[in-house]
Structures are given as structure tokens and as C-alpha cells.
Amino acid sequence: MLSVSRFAERGPFFRVALVAGVALCLSGCKLVDQKTFNAQAGKPPVPYIPPAPPGPPPVPPLVELVAGTPSAEWDGPVEQIVHKALARKPDILFVVKCLVPPGTDSATDQQALVQLVQGDGQAVTQAIIKAGASPVQVEMAAMPDSTVTKSVIRVYVQ
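Residues numbered from 1 in each chain as written. Predicted model: local features only at pLDDT ≥ 70, side-chain atom pairs only at ≥ 80, totals over all residues. Heavy atoms only, no water.

Draft legend 1. Geometry of the sheet that holds strand β2 (residues 94-100). If you trace the four strands from one edge of the open sheet to the other, you get β1-β4-β2-β3, paired in mixed fashion. This sheet does not close on itself; its edge strands, each paired only once, are β1 (63-66) and β3 (138-144). Adjacent strand axes in the sheet meet at a mean angle of 20°, parallel and antiparallel pairs treated alike. Looking at chain direction, β2 and strand β4 (residues 152-157) are connected through six bridges and run antiparallel. Residue pairing for β4: Phe-94 is matched across the bridge by Val-157. Helix-sheet contacts for helix α4 (residues 71-88) involve β1 and β2, and the interaxial angle to β1 is about 160°. Packing against the sheet, helix α5 (residues 106-130) makes contact with β1, β2, β3 and β4, and its axis sits at approximately 150° to β2. (Pairing = 2+ DSSP bridges. Helix = DSSP H or I, 4+ residues; strand = E, 2+ residues; numbered from the N terminus. Axes fitted to C-alpha atoms, helices over the stretch in contact; angles between N-to-C directions. Contact = heavy atoms within 4.5 Å.)

What follows is the structure in C-alpha cells.
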């Protein structure tokens, strides 16, 4: 039987062939290291960053009226609420917001807003003034709002 030492003694050609053969065999081997057992080894840890907490809920309106509701249904309750609000804070500001659902056309939105302001918006504003608030204490705003499905009037206080 031919041993490796005897094979290497045969000449320089055989030595080079032996070294090349050993190098070729070892090049196909994967060395064992930390990543053999844990693919995440050596990588820096990634800290868990929790998502930001949700913001505070929106301030609820003092009064919310669906457009087209007869004034006989909401006139009395609005008057009582205005009296209570003025009793707690005499210099209170009433913000009347007229909101319509957004449409596909801005001209249609504008026309709906004008009708809402001139109709129910003005009626609610006049009811607040009639209940005891001065005209300086009432502010009106009108805008399309994607959170509503029907035209509404919301009264906020500040």
C-alpha cells in the first residue's frame, strides 16, 4: 500500500499534485463556526421600538344636529344647554360647525355648504343668541368632512 509520505517522496510533480488535491478537497468544505448553529450570531441586536400611543380622542361636541331636523325638536334642548354653559362660564365661545360629506365635485360641496349655513346653521346660531349668548360669543365655520355621512351641525365650546 502506498502511503502519503512515500507518494510525496516520488518527486516535485507529485508533491504539487498532492497539495493541489488536498486544497481542492478542503475548498469544498464549509468550516464550522458560530453561524453554523445560529444564523443571527455576530449581528448587532435590533431593539424593539413600540408604536406611538394613540392620540387623545377628539373633543365631543356640545350639541350635534342632523340637517333638516325640525327646529321644534331641538330648540328647547339647545336653549337649556346654552343656559347651563353660560352659567358655568359667562365668557364662553360657541363654535357652530356646519359639516357636509365630501362629494366628487368641489362646486357641489360648496353649494351644499352654502345651503346648510343659510338654513340650519343660521337657525342654530340664532337659537344660541336667543338663549342668552351675545353675537360676539358665536362663531360659525363650514367645511366638508369625511367622517360624516349626512350633513350635520355641531356646536363646540371653547
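Draft legend 2. Expanded view of the pairing of β4. Counting buried residues in β4 gives five out of six residues, a clear majority hidden from the surface. Both β1 and β4 contribute to a ladder of four bridges, which runs antiparallel. Residue pairing for β4: Val-66 is matched across the bridge by Val-152. (Buried < 20%, exposed > 50% of the residue type's maximum accessible area, 1.4 Å probe, protein only.)

Draft legend 3. Summary view of the packing of α4 against α5. With their axes 9 Å apart at the nearest point, α4 and α5 run at an angle of 50° to one another. On the basis of the axis angle, α4 is oblique to α5. For α4 against α5, the interelement crossing comes out right-handed. Contacts between α4 and α5 involve Trp-74, Asp-75, Val-78 and Val-82 from the first element and Ala-123, Val-124, Ala-127, Ile-128 and Lys-130 from the second. (Parallel < 35°, antiparallel > 145°, perpendicular 65-115°, else oblique. Left-handed = near helix turned anticlockwise from the far one by under 90°.)

Draft legend 4. Region of interest: α5. The end-to-end C-alpha distance of α5, which contains 25 residues, comes to 34 Å, matching closely the 36 Å that a straight helix rising 1.5 Å per residue would cover. Of all the bends found along α5, the most pronounced is centred on Val-117 and spans about 40°. Next to the buried residues of α5 lie β1, α4, β2, β3 and β4. Count one or two residues on from α5 and you reach Gly-132, which has phi positive near 130°. (Expected span 1.5 Å × (residues − 1). Bend = angle between axes of the 7 residues up to and from the residue.)

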